[in-house]
Amino acid sequence: MTRSPVAVTLKGIGYAFGEHRILNHIDLDIEPGSIVALLGPSGCGKSTLLKILAGLLEPQQGTLHFGERLIASAAKSTPPEQRDIGMVFQDYALWPHMTVAQNVAFPLLMRRVSAHERQQRVMQALQRVGLGDFAARKPSDLSGGQQQRVALARAIIAEPKILLFDEPLSNLDTDLRESLCLEMATLLRQLGTTAVYVTHDRREAEILADRIVWLAAGSVSAIQTVTSLSGEPA
Ligand SMILES: Nc1ncnc2c1ncn2[C@@H]1O[C@H](COP(=O)(O)OP(=O)(O)OP(=O)(O)O)[C@@H](O)[C@H]1O
Ligand SMILES: [Mg+2]
């Protein structure tokens, strides 16, 4: 990764759907290049918080900074495409009519990168996720694990400052989940990008993250620093 990683700072973030308060004064400092896992029971607000980081929802209270840059507050919100982020969702969210290469190239197309450079970078990204031979396939002709690798290649290709993951492995079966989790951990360490990783799975969080932030009923209930020992496979 050529670019220097960025800190993510949340101060007093609040969000409600109508009368239903989801996030309650969330304060969180994420160091540049570190990986934070967000863990907590279903419905506690993990995806809501990730959507606020991505710009898919706007905070109603508080502020969000990427480095020194104010990204969102109740008064202003930078649109997702101007946040320099990459995202991977549970359901892959690939475009079915595009080939693997076209899916992965999309963020570069948006940034007006030349066709020649796009082609080179797509091949590099696909090789990075072990899909060098799959460029011409359609997503429907891939397994779930392969589709998620495509989504991962698409998320990293533009070298975003921040990577956001919402339960990217939870649609895969156990063995695959474990091996892809270890591969992603290696890849994230190599990239050195600041990352926020939502999961239900504590073990996954311990393999991937530097710190685990536990959410409960819309608040941070605990923060755990992951030691290398707890991150080792059993
Ligand atoms: N568009 C919406 N309108 C109203 N309520 C919503 C909406 N989206 C989410 N919620 C509610 O907000 C709460 C938090 O949802 P969120 O998706 O953030 O939870 P989560 O922690 O990601 O859960 P899970 O682990 O099941 O994915 C839930 O009670 C959910 O029902
Ligand atoms: Mg969720």
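Source: prediction; values computed, not measured.

Enquirer: Could you give me a rundown of the site of ligand 1, with the residues and numbers involved?
Expert: Among the 13 residues in the neighbourhood of ligand 1, the closest are listed as S42, G43, K46, S47 and T48. At a separation of 2.8 Å, an oxygen atom of ligand 1 approaches a polar backbone atom of G43. For ligand 1, whose free accessible area comes to 640 Å², the fraction covered by protein is 60%. Among the secondary structure elements, those contributing two or more residues to the shell around ligand 1 are β2 (20-30) and α1 (46-54). Looking at which element gives the most residues to the shell around ligand 1, the answer is α1, with three residues. When grouped by side-chain class, the residues that make up the shell around ligand 1 number four nonpolar, seven polar and two charged.

Enquirer: Requested: an account of the packing of helix α4 (residues 144-156) against helix α5 (residues 174-191), with residues and values cited.
Expert: Look at α4 against α5: their axes get within 12 Å of each other, and the N-to-C directions meet at 15°. Considered as vectors, α4 and α5 are oriented roughly parallel to each other. For the crossing formed where α4 meets α5, the hand is right-handed. Contacts from G145, Q148, R149, L152 and I156 of α4 reach α5 at L176, L180, E183, M184, L187 and L191. For the contact of α4 with α5, the per-class residue count stands at seven nonpolar, two polar and two charged.

Enquirer: How would you explain the sheet that holds strand β5 (residues 69-73) if you had to name every residue and give the values?
Expert: Hydrogen bonds between backbone atoms are what pair the strands of a sheet, whose relative direction is either parallel or antiparallel. Read from one edge of the open sheet, four strands run β2-β1-β4-β5, paired in antiparallel fashion. At either margin of the open sheet sits one strand with a lone partner, and together these are β2 and β5. With strand direction ignored, the average angle separating the axes of adjacent strands in the sheet is 25°. Contacting β1 (8-17), β2 and β4 (61-66), α1 runs over the sheet at an angle of about 120° to β1.

Enquirer: Residue-level account of the layout of surface pockets, with values.
Expert: Its boundaries defined by the atoms lining it, the largest pocket holds a volume of some 570 Å³. Together, 20 residues line the largest pocket, and I85, G86, M87, W95 and P107 are the ones closest to its centre. Looking at the lining of the largest pocket, the elements that each hand over two or more residues are β6 (85-88), α2 (100-110) and α4. For the lining of the largest pocket, the residue count by class is 14 nonpolar, one polar and five charged.

Enquirer: Can you explain the packing of aromatic side chains? Please cite residues and give values.
Expert: A full pass over the atoms with the stated rule returns three aromatic pairs. Between F165 and Y197, the ring centres sit 5.3 Å apart and the planes meet at 40°, which makes this aromatic pair tilted. Of the two residues, F165 is situated in strand β7 (residues 162-166) and Y197 in strand β8 (residues 194-199); the sequence distance between them amounts to 32 residues. Residues F165 and Y197 agree in their burial class; the two are buried.

Definitions and limits used
Residues numbered from 1 in each chain as written. Chains lettered and ligands numbered in written order. Predicted model: local features only at pLDDT ≥ 70, side-chain atom pairs only at ≥ 80, totals over all residues. Heavy atoms only, no water. Near = heavy atom within 4 Å. Polar contact = N/O pair within 3.5 Å; in protein donor to acceptor, adjacent residues only side chain to side chain. Areas by Shrake-Rupley, 256 points an atom, 1.4 Å probe, with all protein chains shown as cover. Helix = DSSP H or I, 4+ residues; strand = E, 2+ residues; numbered from the N terminus. Nonpolar A, V, L, I, M, F, W, Y, C, P; charged D, E, K, R; others polar. Axes fitted to C-alpha atoms, helices over the stretch in contact; angles between N-to-C directions. Parallel < 35°, antiparallel > 145°, perpendicular 65-115°, else oblique. Left-handed = near helix turned anticlockwise from the far one by under 90°. Contact = heavy atoms within 4.5 Å. Pairing = 2+ DSSP bridges. 1 Å grid on protein atoms, 1.4 Å probe; cavity = no way out; pocket = protein on both sides within 12 Å on 5 of 7 lines; lining within 4 Å. Points joined across faces, edges and corners; volume = space filled by probe spheres on them. Phe/Tyr/Trp six-rings, centres within 6.5 Å; stacked < 30°, edge-to-face > 60°. Buried < 20%, exposed > 50% of the residue type's maximum accessible area, 1.4 Å probe, protein only.

Keep in mind these numbers describe shape, not what the thing actually does.
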